Amino acid sequence: MASVLVIGEAPDGQLSATSAELLGAATRLAEELGGGVACALIGGALSSAAQAAVAAGAETVYAADHESLAQYHTEAYVPLAAAIVQQDTPQAVLIGQTSIGRDLAPRLAARLDTAVVMDAVDLAVADGRIRATRPCFGGNARQVVTITSDPQIITVRAKSQDALDPDASRRGSITAIAVDPVAPSAAVTGKEQVQSEGVPLNTAEIVVAGGRGLGQESAFRDLEELASVLGAAVGASRAACDLGWYPPAQQVGLTGTVVSPTLYLAVAISGASQHMAGCGGSKSIVAINKDPGANIYNFCRFGVVEDYQKVLPPLTAALRELLQD
Amino acid sequence: MDAIVCVKQILDPEMPASAFKVDEASMTIVTPPGVQQVISPFDAQAVEAALQLRDAAGAGTISVLSLGPDSARDAVKHGLAMGADEGYHLNDPAFEDGDSWTTALALSKAIEKIGLPDVLLFGRQAADWDYGVVGGMVAELLDLPSVTVLRSVEWRDGKIGVSRVVSDGFESVSTTTPCVLTISNEFGDPRYPQLRQIMQAAKKDVTVWTPADLGIDPSAIGAAGARVKMERLFVPKNETQVEFIDGDSPAEKAQALARKLREAKII
């Protein structure tokens with residue numbers, strides 16, 4: 001029995017960065033709660049991910065490893081996750097606030113007759129229970145909550161927690177979980193990958209993002225050019241995505257991807273709360289917006305109050321020159 | 001094709017961030033003057049999805065269901081004005097100050113009382129507390145398949161085909177009915193009710209149920225049954241001070257910004 005069980009993700013057989021962050025958080029929480037750290041993995045070809053989970057802090061890994069699980073399926077994953085939680089009986093379960101976690105966590109909580117808190121950005125222990133801080137009201141407010149039922153299930157925002165340094169000398173046990181494939185009522189019949197050719201949004205060190213204020217879809221080509229100079233990923237506000245200017249997979253915000261790069265360069269983005277909820281964790285935010293009263297400037301290190309169309313070409317040229325040296 | 005859409009009435013999430021205030025002592029949101037309550041935008045999109053599914057199927061009854069205080073009746077009425085047929089409102093002091101769990105429990109009992117439809121629809125999350133839990137919990141309590149965060153739904157002769165938004169693109173999923181679907185902003189704009197439809201909806205009855213009507217013990221719902229306890233509510237402080245870049249022309253400002261970024265070792 002561990003005090004904290006992490007339900008990790010291993011797309012393509014590799015432990016995700018978020019899973020390692022959760023194992024880091026679990027290690028810190030378990031120290032205060034006085035117990036161990038376990039990791040549940042559900043997927044296909046998990047052996048290297050299981051080793052990585054041990055190196056990232058798990059003392060016990062439960063691996064439900066089957067080729068039919070390579071892709072997430074609610075009906076296959078929920079019973080396996082529930083079975084692992086019932087086997088391990090942890091005090092708390094941490095799950096990433098990802099596409100999978102958003103879908104899995106509510107059903108898992110209901111199945112285990114407990115509660116779930118979504119999208120925590122800070123975790124602490126008080127009176128032997130976890131206190132989770134989470135943004136709400138589109139990022140306008142934060143609430144601190146505890147769960148009074150057991151186990152305490154919490155989804156955690158990517159990049160809000162620090163992973164431990166991976167240590168291959170750590171020892172842990174790996175327990176295989178029996179998998180009995182089911183024919184799902186809701187079956188995945190296809191996948192449309194909208195992978196941008198450039199840098200992936202969620203791991204990028206620099207993100208260049210555009211909003212409704214760009215006024216036209218074609219402006220994203222200019223952002224892509226600037227991004228290529230900086231080695232950056234390109235993101236878009238929800239308004240820009242809803243207008244069809246950029247793929248939803250590139251949306252930065254509460255309902256899209258949460259990014260926390262070193263530099264977030266926001267072009268013609270007003271900075272609605274729900275957008276700031278997706279980029280507020282960036283080390284430095286820089287904005288180009290012709291409205292000096294735009295909300296984004298409340299979060300910025302540097303701002304350029306100008307029409308972006310007049311700033312982007314010289315900025316791209318200046319950065320290209322600077323980065324060539 | 002019968003559907004029930006679960007909706008919530010909330011403080012307008014599009015209000016300016018500067019108007020947003022909380023009362024930390026009572027852990028409540030202060031409603032600024034002039035800011036209205038509205039149907040949660042994702043929920044209006046869920047009503048739209050239900051109406052489109054019915055159009056594709058040719059016939060069916062669309063019901064709108066909401067749990068909340070007196071003001072929640074307006075969310076039900078909004079759904080009716082969009083074109084739904086029947087309205088249900090779970091309204092009783094015992095329902096108040098619950099959490100996702102107590103809401104899911106009460107909604108699932110109401111859904112059983114109405115009669116399980118082909119499709120249960122929800123917004124991906126309520127645009128106030130931003131949990132996104134109730135749809136999945138209702139699916140679990142009623143033992144139904146669920147597909148969440150959808151950008152499109154399609155009626156296929158008794159089955160449903162959907163496109164699900166995932167981190168690296170879209171997944172096509174086919175599900176049997178009855179099922180639970182949650183709708184995301186990518187679905188597109190919902191229809192806006194016309195004055196005539198709003199007047200017609202105003203005349204329609206909304207069925208009001210209390211915990212006793214649903215056979216629920218009041219200790220299982222609302223504040224008494226809640227399992228998530230709020231310790232604190234606050235507006236995060238933001239101490240960032242912006243430095244506006246000076247320059248005689250846009251090009252000069254651009255060059256100055258590039259230099260600043262390098263000096264600050266950001267690039």
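Residues numbered from 1 in each chain as written. Chains lettered and ligands numbered in written order. Predicted model: local features only at pLDDT ≥ 70, side-chain atom pairs only at ≥ 80, totals over all residues. Heavy atoms only, no water.

Residues and elements named next belong to chain A. Taken in spatial order, the seven strands make up an open sheet running 5-9-4-1-2-3-10, and their pairing is parallel. At either margin of the open sheet sits one strand with a lone partner, and together these are strand 5 (116-120) and strand 10 (173-176). Here the average twist between neighbouring strands, direction ignored, is 20°. As defined by bridge partners, strand 1 (residues 4-8) adjoins strand 4 (residues 92-96) across four bridges and the pair is classed as parallel. Residue pairing across strands places Ile7 opposite Ile95, the latter belonging to strand 4. Along the sheet, helix 2 (residues 47-55) makes contact with strand 2 (37-43), strand 3 (60-65) and strand 10, crossing strand 3 at roughly 160°. Its contacts with the sheet put helix 4 (residues 99-111) on strand 1, strand 4, strand 5 and strand 9 (152-156), and the angle it makes with strand 5 is roughly 160°. (Pairing = 2+ DSSP bridges. Helix = DSSP H or I, 4+ residues; strand = E, 2+ residues; numbered from the N terminus. Axes fitted to C-alpha atoms, helices over the stretch in contact; angles between N-to-C directions. Contact = heavy atoms within 4.5 Å.)

So, on to the nonpolar core. Core analysis: the largest hydrophobic core is formed by 98 residues, its most contacted members being Leu94(A), Leu123(A), Ile154(A) and Leu90(B). Those residues in contact with Leu94(A), other than ones at most four positions away along the chain, are Val4(A), Leu5(A), Val6(A), Ile7(A), Leu22(A), Ala25(A), Ala26(A), Leu29(A), Leu123(A), Ile154(A) and Val156(A). Formed by 40 residues, the second largest nonpolar core is a distinct cluster that contains Leu223(A), Leu312(A), Leu322(A) and Ile245(B). (Core = buried A, V, L, I, M, F, W, Y, C linked by side-chain atoms within 4.5 Å. Buried < 20%, exposed > 50% of the residue type's maximum accessible area, 1.4 Å probe, protein only.)

The next thing to look at is the interface of chain A and chain B. The parts lose accessible area when they come together, and the size of an interface is often stated as this lost area. Listed as interface residues are 81 residues of chain A and, on the opposing side, 70 residues of chain B. Where chain A abuts chain B, roughly 6700 Å² becomes buried across the two surfaces, and 59% of that area is made up of carbon and sulfur atoms. Three residues, Arg107(A), Phe137(A) and Phe302(A), lead the burial of chain A against chain B; their summed loss comes to 11% of the area buried on that side. Inspection of the chain A/chain B interface yields eight salt bridges. Glu140(B) is the partner of Arg107(A) in a salt bridge, and the nearest nitrogen-oxygen pair spans 2.8 Å. Considering only residue class, the side of chain A that touches chain B consists of 40 nonpolar, 25 polar and 16 charged. (Buried area = accessible area lost by both parts, 1.4 Å probe. Salt bridge = Lys/Arg side-chain N within 4 Å of Asp/Glu carboxyl O. Nonpolar A, V, L, I, M, F, W, Y, C, P; charged D, E, K, R; others polar.)

Taken domain by domain, chain B comprises domain 1 (3-225) and domain 2 (237-267). Each of domain 1 of chain B and domain 2 of chain B has a C-alpha centre, and the two are 45 Å apart. (Domains from an automatic or database assignment.)

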